[in-house]
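# Inside the fold
Residues per chain are reported as follows:
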Amino acid sequence: MSDLPRLLLIADGFASGRTEMDAAAIRRRTLDLVNAGVAFVLLRDHAADDPTFAAAAEMLATDLRAARPDVRLAVSARLDVALGIGAGVHVGWRGPTLADARAAPFFGVSAHSATQARRAAMAGAAYATLSPVFETATHPETPPLGLGPVRLAARAAGLPVFGLGGVTAPRAGLVRDAGAHGAAVLSGLLFAWDAPRTVRAYLDALGE
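Here we summarise the structure given alongside this text. No experiment lies behind these values; they were computed from the predicted model shown. (Residues numbered from 1 in each chain as written. Predicted model: local features only at pLDDT ≥ 70, side-chain atom pairs only at ≥ 80, totals over all residues. Heavy atoms only, no water.)

### A closer look at the pairing of strand β2 (residues 40–44)
To keep things clear, this is the line we draw: The buried label goes to any residue with under 20% of its type's maximum accessible area, the exposed label to any with over 50%, and the partly exposed label to all in between, with areas taken from a 1.4 Å probe on protein chains only. Put simply, DSSP H or I for four residues or longer makes a helix, DSSP E for two residues or longer makes a strand, and each gets a number counted from the N terminus. Any two strands between which DSSP finds at least two bridges are classified as paired. The crossover handedness rule: strands pointing away from the viewer, path from first strand over the helix to second strand clockwise, crossover right-handed.
The buried count for β2 comes to four of five residues, which makes it a mostly enclosed element. One ladder, built from four bridges, connects strand β1 (residues 7–12) with β2; its direction is parallel. Paired with L9 across the strands is V41, a residue of β2. You can see the chain leave β1, run along helix α1 (residues 23–35) and come back into β2, and the turn it takes is right-handed. With four bridges joining them, β2 and strand β3 (residues 72–76) adopt parallel strand pairing. Of the residues in β3, the one forming a bridge with F40 is R72. For the crossover that starts at β2, traverses helix α2 (residues 50–67) and ends in the parallel β3, the hand is right-handed.

### A few points about the pairing of strand β7 (residues 161–164)
Side-chain alternation along β7 places V161 and G163 on one buried face and F162 and L164 on a second face that is also buried. Here strand β6 (residues 127–130) pairs with β7 via three bridges, running parallel. If you follow A128 over to β7, its bridge partner there is V161. Handedness of the β6-helix α6 (residues 147–156)-β7 crossover: right-handed. Bridging between β7 and strand β8 (residues 182–185) involves three bridges; their strand directions are parallel. Following the sheet pairing, G163 is matched in β8 by A183.

### Considering helix α7 (residues 169–177)
In plain terms, the rule: Within this analysis, the arc is defined by the directions that extend from the helix axis to the C-beta atoms. Contacts: residue pairs with any heavy atoms within 4.5 Å of one another.
The set of residues buried in α7 consists of A169, A172, G173 and V175. On an axial view of α7, the arc spanned by its buried residues comes to 160°, and they lie on one face. For α7, exposure combined with an orientation more than 90 degrees from the buried face picks out P170 and D177. Considering only its buried residues, α7 is in contact with α6, β7, β8 and α9 (195–205). Where α7 terminates, the next one or two residues include G179, which has phi positive at roughly 110°.

### Points about the sheet that holds β8
The cut-off we apply is this: Note on method: axes are straight lines fitted to C-alpha atoms, helices fitted across the in-contact stretch only, with angles between N-to-C directions ranging 0 to 180 degrees.
Sheet architecture is closed into a barrel: eight strands sit in the order β1-β2-β3-β4-β5-β6-β7-β8, paired in parallel fashion. Averaged over neighbouring strand pairs, the angle between their axes works out to 25° when direction is ignored. Where helix α5 (residues 114–122) meets the sheet, it contacts β5 (107–111) and β6, and its direction lies at approximately 165° from that of β5.

Listed below in structure tokens is the structure:
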């Protein structure tokens, strides 16, 4: 799926909120970011119960598609919700098997090595996130991979790879130069002071 946008927003906490922002604020920020130019959004909220997640996903998907009809949407782990709103599904250690994920319009996979990204491609995944590329505040105990595995995955995986973890706008350029298709971003976008300027900085760094 090489036509995927190069900037992937991870809208984490959109249903139940996060410490930094409540759920309604995250949904508003997600809409602001799509209006500012983000064209690919992953809806993720591991803390939300099933009914809350499903209702919030349906509402947000409707709003995002009204703002940008060509927006690509994926849902983390919950295949039933993905199918219900016509979105892709993202698979990690949570969620459906790779075989079951094929029921969605497309699916992506969380990878933590070039080998895992290659396995995702062989299973039919449309993309893989590779993390953590850089050190992150949310997972300080996890050693960053660095750009070497990004280069290896980009050459060997055979699918679009999104660098994830500590990817600021300047670092997005490094990830792209290493051969990644694009960057997956959570904090750098959700908590940006100036959404339009921040989105533009990422898109410029990614050459989009």
